[in-house]
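# Inside the fold
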Amino acid sequence: MLGLFRFARSAMRFSQISHLPPVTPFSRRAFEKRTKIVECGFHTSRPRAAIPPLVLILMRPVLRVAAFLAGRNFRKWWRALPKEKREYYWSRIKEKKWNIAGGGAISSAMAYWFYMSHLEVEPITGREKFSIVSPKQIQELSQLEFQAICLEFANRIVPTHHPYYARVKQVANRLLVANKQLPQIYTKTWTITVLDDPGNMNAFVLPNGNIFVFTGMLDICATDDELGIVLGHEISHCLLGHAGENVSREHLLESIKLVLIALAWAILPSDLLSLLGYSIGAGAVNATLRYPYSRLLENEADQVGIHLAAKACFDVRAAIAFWAKMDLIYEYDQLSSLEWLSTHPSHKTRQAKLEEQLPDAINFRNYCKCPDLPARDPRQEIESFRKSMLEGMHKTMPVGVILVVPDMAAYATGKE
């Protein structure tokens, strides 16, 4: 059981809540007044000065070019040296080897200290995470992305009187009101935007509380329980601060890649070999450091999300049904990929992990005094969904569902 929910049980902060009429966007003052928010004993770290987002966006390409030029110029300089000069420099390096080793050790210790001094404890799960960006930075990046999305889909924004919007509004309100004790919820102004794109089965929540849902996702979510699971997952990304964590980690990994760029162009004898060497090194960094961590965040959002849905009295068994359907769609269209080369767990893996967490989520749902689960188990619909696909009823079904953290790291470091 998640640490927060264990704490909630012992402190009796998750008492039964009467459902209130949906309100969008959520005003913090109105939200607290209407729901009688109980302040939790969490505190934030000391605020740090925020670097302007534009600086973060420009930093990545500039540093990459600088690393490339430094490495390439060093290689040219070294090649141009006479043989005796090279031998002289090698001898000097050997003479100073202990000084160099000491400097390397000091640098490594400082890097380790920097990393450890920027570890924070996530209050919901209790997991330590690396963070070098301030909430103000993330909010500014969120606003930039919000504006970019609204501009890109300006002609596809579903009006607020549309049934699709009403459905998302009802489910989102149900989740947020039920979990209103969390400071990460009641300190944000939540908004909803539905985008008309039947071929896009996607949904995401920006760190500042902007909820986006594509109509393709609404079409694949047969019930509000499934939609509650999806939005619970995406809202969890927001509550857990995964966007800021991704930005911080991307900057850390980018530092490693800058070293690889400089070394590849300094040591390897040609530009082609340097490019190949860097590609292999960067691929290894992604496969061993970036992708596994991203999958960990996805699993964490699944775990927290199913508990948010349980607190809102959704049928949490729908989580298994939803990911089973996603797996069938990918299997039907032969879109399977290697999990270890992906930022997301496979659908089968997510389904298996949620199966393990299901008894805990059901117990938590019962603790919250929710109505009994419906007699009809959503998991019983999986086989009928498979048969309907085999019969060709879903040949035009769009594919490519990706439930993701908004790529704030790309905005912070410059897109590839």
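All values reported here derive from a predicted model rather than from experimental measurement. Starting from 1, residues in each chain are numbered consecutively following that chain's sequence as written. Per-residue local features of the predicted model are confined to residues with pLDDT of at least 70, and side-chain atom pairs are confined, for both listing and counting, to 80 or more; whole-chain, interface and lining totals are unaffected and use all residues. To get the side-chain values, take all heavy atoms of the structure and skip hydrogens and water.

## Some points on the pairing of strand 3 (residues 191-195)
Relative accessible area decides the class of each residue, using a 1.4 Å probe on protein chains only: under 20% of the type maximum gives buried, over 50% gives exposed, and in between gives partly exposed. Labels follow the DSSP assignment, with helices taken as runs of H or I lasting at least four residues and strands as runs of E lasting at least two, numbered in each case from the N terminus. Buried residues dominate strand 3, accounting for five of its five residues. Judged by which residues are buried, strand 3 turns out to be covered on both faces: Thr191, Thr193 and Leu195 on one side and Ile192 and Val194 on the other are all buried.

## Remarks on the state of the cysteines
Count a disulfide wherever a pair of cysteine sulfur atoms falls within 2.5 Å. Counted under the stated rule, the structure contains one disulfide. The disulfide that involves Cys313 links it to Cys370, with 2.0 Å between the sulfurs. The disulfide joining Cys313 to Cys370 has a torsion of about -80 degrees about its S-S bond and is therefore left-handed. With Cys313 in the loop between helix 12 (271-311) and helix 13 (318-332) and Cys370 in the loop between helix 14 (347-367) and helix 15 (381-390), this pair connects stretches of sequence that are 57 residues apart. Here Cys313 matches Cys370 in class, with each residue buried. For the unlinked cysteine Cys368, the closest cysteine sulfur is that of Cys370, found at 5.5 Å.

## Remarks on unusual backbone geometry
Within the chain, Cys313 stands out as a residue other than glycine whose phi angle is a positive 65 degrees. What makes Cys313 buried here is its relative accessible area of 14%.

## A closer look at the packing of aromatic side chains
When two rings of Phe, Tyr or Trp (its six-membered ring) have centres within 6.5 Å they constitute a pair, described as stacked for plane angles under 30 degrees, edge-to-face for angles over 60, and tilted for the intermediate range. Counted by the stated rule, this structure contains 15 aromatic pairs. Ring centres of Phe146 and Phe212 lie 5.8 Å apart, and the angle between their planes is 55 degrees; on these two criteria the pair is classed as tilted. Of this pair, Phe146 sits in helix 6 (residues 135-152) while Phe212 sits in strand 5 (residues 210-214), placing them 66 residues apart in sequence. Residue class for Phe212 comes out buried when judged on its relative accessible area of 0%. Both rings, one in Phe322 and one in Trp323, keep their centres 5.1 Å apart while their planes meet at 80 degrees; by these two values the pair is edge-to-face. Note on Phe322: relative accessible area 0%, which makes it buried. A relative accessible area of 3% means that Trp323 is categorised as buried. Of the aromatic side chains, those joined through ring pairs into one cluster are Phe74, Trp77, Trp78, Tyr88, Tyr89 and Trp90. Only when the NZ atom of a Lys or the CZ atom of an Arg is both within 6 Å of the ring centre and within 35 degrees of the ring normal do we say a charge sits over the ring. Above the ring of Phe314, the side-chain terminus of Arg174 is found at 3.8 Å from the ring centroid. The aromatic ring of Tyr293 is capped on one face by Arg249, whose charged end is 3.8 Å from the ring centroid.

## Examining the sheet that holds strand 5
Strand order in this open sheet of three strands is 3-5-4, and the pairing throughout is mixed. Of all strands in the sheet, those with a lone pairing partner are strand 3 and strand 4 (203-205), marking the two edges. Pairs of neighbouring strands in the sheet enclose a mean axial angle of 10 degrees, with direction left out of account. Two strands make a pair as long as DSSP finds a minimum of two bridges between them. With three bridges joining them, strand 4 and strand 5 adopt antiparallel strand pairing. Counted as the bridge partner of Phe204 is Phe212 from strand 5. Every angle, taken between N-to-C directions, lies between 0 and 180 degrees, and every axis is a line fitted to C-alpha atoms, over only the stretch in contact when it is a helix.

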